[in-house]
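What the coordinates show
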Amino acid sequence: MKNLLLSLFLLGLGWNVFAQDRPISGRVTGDDTQPIPGASVSVKGTTRGAVTNAEGRFTLSVPENAILVVSSVGYLTREFPVGNQNSLELVIPSSSAELSEVVVVGYGTQKKSQLTGAISSVSSKEIAELPITNARQALQGRAAGVDVVQSGSRPGAGVTVRIRGRRSINASNDPLYVVDGIPLAGGIDDLNPNDIQSMEVLKDASATAIYGSRGANGVVIVSTRRGTTGKTIVSYDGYYGISQVLGKIDVMNGAEFAEYKRESRRTSGRYNDSDPAADSKIFEAVELDGIANNRTTDYQSYIFRTGQIQSHQLGVQGGSEKTQFAISGNFFQDKGIIKTQDFTRYSFRINLDHQITKRIKVGTSTFAVYSVANGNDTFYPGGGNGFNPLGLTLRENPLGKPYDENGNLIFLPTSDGLQSNPAAEVVPGSNIAETKTIRIFNSLYGEWNIIDGLKYRLNFGPDFTNRRFGRFWGTYTSDRRGGDPRGLTDYSQGFNYTLENILTYQKQFREVHDLNITALHSIQRDNYETARINVNGIPASTQEFYSLGQASTIAGVGTGLTQWTLLSFMGRVNYSYNDKYLITLTGRYDGSSRFGRNNKFGFFPSLAVGWNMSNEAFLKGVSWLDQLKLRGSWGSIGNTAIDPYQTQNLLSRTVYAWNTIGAYGYRPNVLGNPNLRWETTTTANVGLDYSFFRGRIAGSLEVYQADTKDLLLADQLPFTSGYGSVLRNVGKTRNQGLEITLSTINIDAANGFRWSTDLQFTKNKEQIRELFNGKVDDVGNARFIGQPITAIYDFKKIGIWQTSESEEAKRYGQNPGEVKLLDISGKDGVPDGKIDATYDRMIIGSQIPKFTAGMTNRFSFKGVDLSFFLYARVGSTITSGFHQTFNTLAGRYNNLDIDYWTPNNPTNEFPRPNQNQESPLYASTLRYFSGTFVKVRNINVGYNFTEGIARKLGMSSLRAYIAAQQPFIFSEYRSKYKGIDNETVNNVDENQTPSARQFIFGINAKF
């Protein structure tokens, strides 16, 4: 009986326990009402969970009083009590919404409603829309105030980033990069873009002063993906595509080159059209054969190829309440459109966070990468654009023969000894420029919540980089021309570490006073070693650069060591009253080993205030107003500006005669200046943040002025002193600008159709205010008061002298068909009949654009999504080294197929070809062009498969997409003047890899 009663009791107990579990269903959406596939839905305190399908739906059995924890990559984690509901609609904020609530700032986070600094954000969603190689590319057109330039399409190439213009003439203008809280010395080019959760750009003094001497050029904070509580999610993201040159470069074909060569001889009187033997007098046999057979050798076809690009990433993300993890591995490869250029990267990341006790937490972000870049001679003196046979290709005579009748390569297609066959440059093993990089970066932290509101954090960030560059030139290359091979190797090893102690106190008083105090002690140390050997006479080409000790001649050896240290103290106070009135005070004290004994330390303060007008009582009743906040800031930021040891007196090696014997010695080379101090930028910023109609219209407006003083410039000295110059703090510059960010939801229909637009606009005016002689122009270095740092100063071409103007041309010592210049040196603006370098040159323009803009449009309807991204850079003037090299008009080498002057073609574009010149008179005026362009950067079309199809394939969600990367460029420089790509930070170099378009197919899958 007892056993029966006990059994009934246990059965009843079991029934009660079972009865507490009940099935529920629900849907997870973002704050934009769009479903979130692959979201993790778990029951708090248990291992029970589910993953949403393609429509964001899930089913789950839950106990009584259950709390659901919902998370997804790119979204905030949120908790929802189930209560008595059987069907739930769960909304979690997206990454952009997360940033609208909490923004990553220097050494912490801050509510956006309480933010007083100028900060732009780029989310993981925006980064994922672009299949990019370099993380910095994600900033282009996505962050107002940030000018990102990518010159050419060489695989693995970096980009140039400028935040609110350039400030320094001699020092670096690159921003500081901070990854997972650690300031980097080595940049973020090795970072896998797929691992990035968000990027914040700090622009004004209030935001950047916390980084002191390194914040003058702006700060980019990179946060990588971290683990989340809930069910473990396995994801695969991959794509494969092809790359094609965006149109071959238009050089002359065989017939055009023949006529061009004839015209160059007509000009000099060496070609007579009435002479039947005229061609035989100026063309060699192979050229005559080419003319007779109407031959055009397309050398570009031997150099270009259809490239390939692919990326495959496998990630695992999840965790419990105590431990969260995110692990990813990535393989990326880009085979460029030029046969010698490719880039391969293998990367691995593991992010861990663990709660040891209620008050102690530790974590790590470990990143490792191994990459191989071919066709990149950045580390070779004079290099930087990568080994590129294109220059040789475009100059080669199209009438020549690259191969004989048996298919053997002819090294010299014509008798011109300075032009070898471009096809020889891309023979495997003949020309090698290979860079191998291994980098391991860690961000380790420990947090101790001492008491409620008071927290201590220790950050330690070791960063190790090992790089080997190898260069080999074979016998049959343009460099060796049948001589013995030569090669070099360059090894570099860098170790940088940052150690930070951070104390924060956060407290709310009487529900209206919010106080946040941050104190920091930091030390950063960098150690960089180099070693190089350069040899001639490698005995066997198969040795390449791996056995340089067997070479007949050691051309050079060298080693080097560079070290620097930065010691810092920082304090910041954030105060908010009733979320309406805001104030931020920041001060940082930096000491740098780069400066002399008299000025090692500098202090950098900032003050910012904010007013949340929308929280005032008189605006509370405005239904269409979500947010309206006015901000203002002022502060000074430093720039270390100089390389290590520049404040010291330096020696250099020299040779002299000891009686009749040569000897080596050392002589003074650089005059040190122990009084050098920091370049300092003082910035004033006014900003307005707004949001209307429940987020249908939102954005910000920024107006700023940044004044930089104490620029480090070389001040001239009399040579009788033994030195030509000394480095001093003597210059000033100014940047003024306007930034507009606008996001709109244009259509949000009930049937699910949605259209949104993001617009970024930046206008920055850059000018020099003082130089080493005060407000006096430095004409020799093309530096002018009131003009940008790099102004173009030259004669101005106004056309070509025409036949009807022959008498006037003679006044200037010129002939019809030559470049006609603007004469401005005469009295009262009347030309004086001569061209004078002192008085007739003028400022032609600058590489600085009038404005830049980016626009992204996104469309979605049910499972289909479409986005396209436009980027424009307007109003700059570029210098085209490309035209300087390939538009010589001397009739010797092939030429761009431009509109040149002849008596029968009286154009005003380009002058008449002339054999008697290496390049036209005043040829420099022919290389200035408009830098304006509009690019369609990306078009992306995707489809989210239904839950049923995804599950049949063994997945919880699946998205497939196709994308076109840079399919169109609209530019007069390209379409009219035969240029390549005028997206450049300075000059369009003749060795720049042409632009490419890519067509990509990819999938995003979760399991």
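Residues numbered from 1 in each chain as written. Predicted model: local features only at pLDDT ≥ 70, side-chain atom pairs only at ≥ 80, totals over all residues. Heavy atoms only, no water.

**Topic: the sheet that holds strand 6 (residues 78-81)**
In space, the four strands of this open sheet follow the order 3-2-5-6, with antiparallel pairing throughout. Unpaired on one side and paired on the other, strand 3 (49-51) and strand 6 mark the two borders of the sheet. The sheet shows a mean angle of 20 degrees between the axes of neighbouring strands, taken without regard to direction. (Pairing = 2+ DSSP bridges. Helix = DSSP H or I, 4+ residues; strand = E, 2+ residues; numbered from the N terminus. Axes fitted to C-alpha atoms, helices over the stretch in contact; angles between N-to-C directions.)

**So, helix 5 (residues 254-267)**
A turn of α-helix holds 3.6 residues, and therefore any two residues three or four places apart point the same way. Spanning 14 residues, helix 5 covers 20 Å between terminal C-alpha atoms, matching the ideal 20 Å at 1.5 Å per step. When you tally the buried positions in helix 5, you get 10 out of 14 residues, the bulk of the element. Within helix 5 the residues assigned to the buried category are G254, F257, A258, Y260, K261, R262, E263, S264, R265 and R266. For helix 5, the secondary structure elements touched by its buried residues are helix 6 (278-282) and helix 7 (285-292). For helix 5, the N-terminal capping position is held by N253, with its side-chain oxygen 3.2 Å away from the main-chain nitrogen of A255. G269, located one to two residues past helix 5, shows a positive phi value of around 75 degrees. (Expected span 1.5 Å × (residues − 1). Buried < 20%, exposed > 50% of the residue type's maximum accessible area, 1.4 Å probe, protein only. Contact = heavy atoms within 4.5 Å. Polar contact = N/O pair within 3.5 Å; in protein donor to acceptor, adjacent residues only side chain to side chain.)

**Details of the side chain of S42**
Among the structural elements, S42 can be located in strand 2 (residues 40-43). The residues contacting S42, other than those within four sequence positions of it, are R48, G49, I67, L68, V69, T229, G230 and K231.

**A look at the pairing of strand 7 (residues 87-92)**
Only one face of strand 7 is buried, namely the one carrying L88, L90 and I92, since none of S87, E89 and V91 on the opposite face is buried. Examined bridge by bridge, strand 1 (residues 22-30) and strand 7 share six bridges and lie parallel to one another. Along strand 7, the bridge assignment pairs S25 with S87.

**Concerning a nonpolar patch on the surface**
Taken together, the side chains of Y577, Y581, W611, F618, L630, V686, L701 and V703 make up a nonpolar region of the molecular surface, amounting to roughly 710 Å² of accessible area. Using a relative accessible area of 36% as the deciding quantity, one classes L630 as partly exposed. (Patch = residues over 30% accessible without salt bridge, like charges linked within 9 Å, V, L, I, M, F, W, Y side chains within 5 Å. Areas by Shrake-Rupley, 256 points an atom, 1.4 Å probe, with all protein chains shown as cover. Salt bridge = Lys/Arg side-chain N within 4 Å of Asp/Glu carboxyl O.)

**Looking at the sheet that holds strand 43 (residues 928-930)**
Taken in spatial order, the three strands make up an open sheet running 43-42-46, and their pairing is mixed. Two strands in the sheet have a free side with no partner beyond their single neighbour: strand 43 and strand 46 (987-988). By the bridge criterion, three bridges tie strand 42 (residues 877-880) to strand 43 in an arrangement that is antiparallel. Bridge assignment links I878 to a residue of strand 43, and that residue is F929.

**Quick notes on the environment of G152**
Secondary-structure assignment places G152 in the loop between strand 11 (146-149) and strand 12 (160-163). You can call G152 buried: its relative accessible area is 9%. Separated by 844 residues in the primary sequence, G152 and A996 have C-alpha atoms spaced 8.1 Å apart. Setting aside residues up to four positions removed in sequence, G152 forms contacts with Q992 and T993.

**What about the environment of K401?**
Relative to the elements of secondary structure, K401 occurs in the loop between helix 9 (390-395) and strand 22 (431-451). Along the sequence, K401 and Y299 sit 102 residues apart, while their C-alpha atoms lie 9.9 Å from each other.

**Here's the deal with the packing of aromatic side chains**
Considering all chains together, one arrives at 32 aromatic pairs under this definition. Centre to centre, the rings of F495 and Y497 are 6.2 Å apart; their planes meet at 40 degrees, and the pair counts as tilted. Judged by centre distance (5.6 Å) and plane angle (65 degrees), the rings of W624 and F692 are edge-to-face. Placement of W624 in the loop between helix 10 (617-620) and strand 29 (625-639) and of F692 in strand 32 (residues 679-692) is noted, with a sequence separation of 68 residues between them. We note R142 situated over the ring of F869; from NZ or CZ to the ring centre the distance is 4.4 Å. A cation over an aromatic ring shows up here: R486 above the ring of W473, its NZ or CZ 3.8 Å from the ring centre. (Phe/Tyr/Trp six-rings, centres within 6.5 Å; stacked < 30°, edge-to-face > 60°. Lys NZ or Arg CZ within 6 Å of the ring centre and 35° of its normal.)

**Observations concerning the pairing of strand 36 (residues 791-794)**
Burial of strand 36 is two-sided: the residues A791 and Y793 facing one way and the residues I792 and D794 facing the other way are all buried. Where strand 36 lies against strand 39 (residues 842-846), four bridges are found, and the strand directions are antiparallel. Across the sheet, the residue bridging to I792 is G845, located in strand 39.

**Notes on the pattern of salt bridges**
For the coordinates displayed, the defined rule picks out 53 salt bridges. As a salt-bridge pair, D250 and K978 come within 2.9 Å of each other at their nearest N and O atoms. With D250 in the loop between strand 17 (230-245) and helix 5 and K978 in the loop between helix 14 (972-975) and strand 46, the pair connects residues that are 728 residues apart, well separated along the chain. The class of D250 is partly exposed, set by a relative accessible area of 30%. Measuring nitrogen to oxygen at the nearest pair gives 2.7 Å for the salt bridge that ties E259 to R266. Taken together, the salt bridges that share partners define one network made up of E259, R262, E263, R266, D273, D279 and R912.

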